[in-house]
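Read off the chains here:
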Amino acid sequence: GHSHDHHGHSHDHHGHSHDHHGHSHGGENSSKDFINLNVHAAYIHALGDLIQSIGVCIAGIIIWVKPHWQIADPMCTFLFGLLVIWSTIQILNQSLGVLMETVPTHVDLEGIEKEILGLPNVKEVHDLHAWSITRGSVLLTAHVAVNVDTLHEGCDILEKASAICMRGEIYHVTLQIEKHRAVCPTNICY
């Protein structure tokens, strides 16, 4: 069947589960987790400008009060320059993680796989992948090989596996259930 549960935003398409809890619908996740990387970089840039302006004012006041302390200006410039370099490196690391589609650091793929394998009637998990398309938005896909007789049993496994992923802060999950076979159906399993 084809059913849509619009309250939880899950879809069931003949053994595929698409759980869309990660889409911001107001209050589901902290807003800080879903700030766009470009907006975050612009915010950091503006904050850096503000801090540097404060530093220039502090250096100016020091030099005005103690004219022989001319070193205050380059010292403030150097210290605030280090702050800008540090924040730039942080943004670059996040950007590279998104561009390279790396597994986000907070995601424990092995732990998720182990938990899903621990569900009743789950025989294998393969083609398990997690990546980030933007800061704070993690996607996960996997094939779950099961040994069940009814669609209802398969749907129960999908719900439980999706809940495992959500506990791992992964809210956009696509799981495909399939009948357990002795060999990998895609020939690329590892």
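Scope of this entry: the structure provided in the associated data block.

What counts, and at which threshold
Residues numbered from 1 in each chain as written. Predicted model: local features only at pLDDT ≥ 70, side-chain atom pairs only at ≥ 80, totals over all residues. Heavy atoms only, no water. Helix = DSSP H or I, 4+ residues; strand = E, 2+ residues; numbered from the N terminus. Buried < 20%, exposed > 50% of the residue type's maximum accessible area, 1.4 Å probe, protein only. Contact = heavy atoms within 4.5 Å. Core = buried A, V, L, I, M, F, W, Y, C linked by side-chain atoms within 4.5 Å. Pairing = 2+ DSSP bridges. Right-handed = clockwise from strand over helix to strand, strands pointing away. Phe/Tyr/Trp six-rings, centres within 6.5 Å; stacked < 30°, edge-to-face > 60°. Lys NZ or Arg CZ within 6 Å of the ring centre and 35° of its normal. Expected span 1.5 Å × (residues − 1). Arc of directions from axis to C-beta.

1. Observations concerning the environment of Ile 91
Position of Ile 91 relative to the elements: it lies in helix α2 (residues 72–99). Since its relative accessible area comes to 13%, Ile 91 is described here as buried. It is 8.2 Å that separates the C-alpha atoms of Ile 91 and His 40, two residues lying 51 residues apart in sequence. Setting aside chain neighbours within four positions, we find Ile 91 in contact with His 40, Ala 41 and Ile 44.

2. Considerations on the nonpolar core
Generally speaking, soluble globular proteins have nonpolar side chains that are buried together. Among the nonpolar cores identified, the biggest contains 24 residues, and Ile 112, Ile 116, Val 122, Leu 140, Val 144, Ile 170 and Leu 175 are the most heavily contacted of them. Broken down by secondary-structure element, the contributors of at least two residues to this core are α3 (109–117), β4 (122–134), β5 (137–146), α4 (151–167) and β6 (172–179). Ignoring sequence-local partners within four residues, the contact set of Val 144 consists of Ile 116, Val 122, Glu 124, Ile 157, Leu 175, Gln 176, Ile 177 and Glu 178.

3. Some details on the pairing of β5
With nine of ten residues buried, β5 lies mostly within the body of the structure. Relative to β5, β4 runs antiparallel, the two sharing nine bridges. When the sheet's bridge partners are listed, His 129 is paired in β5 with Thr 141. By the bridge criterion, eight bridges tie β5 to β6 in an arrangement that is parallel. Opposite Val 146, over in β6, you have Lys 179 as the bridge partner. For the segment spanning β5, α4 and β6, crossover handedness is right-handed.

4. Thoughts on the packing of aromatic side chains
For the structure shown, the criterion picks out zero aromatic pairs. One Lys or Arg, Lys 66, reaches over the ring of Trp 69 and ends 5.9 Å from the middle of that ring.

5. Focus: α4
Each full turn of the α-helix corresponds to 3.6 residues, which orients residues three or four apart in the same direction. An ideal rise of 1.5 Å per residue puts 24 Å on 17 residues; α4 measures up with 24 Å between its terminal C-alpha atoms. Taken residue by residue, α4 has Gly 154, Ile 157, Leu 158, Ala 161, Ser 162, Ile 164 and Cys 165 as its buried positions. The buried residues of α4 occupy an angular sector of 155 degrees when projected down its axis, which confines them to one face. Opposite the packed face of α4, turned more than 90 degrees from it, sit the exposed residues His 152, Glu 159 and Arg 167. One or two positions beyond α4, positive phi appears at Glu 169, with a value near 65 degrees.

6. Thoughts on unusual backbone geometry
Phi is positive for Asp 127, which is not a glycine, with a value near 50 degrees. Among the structural elements, Asp 127 can be located in strand β4. Residue Glu 169 is not a glycine yet carries a positive backbone phi of 65 degrees. Positionally, Glu 169 belongs in the loop between α4 and β6.

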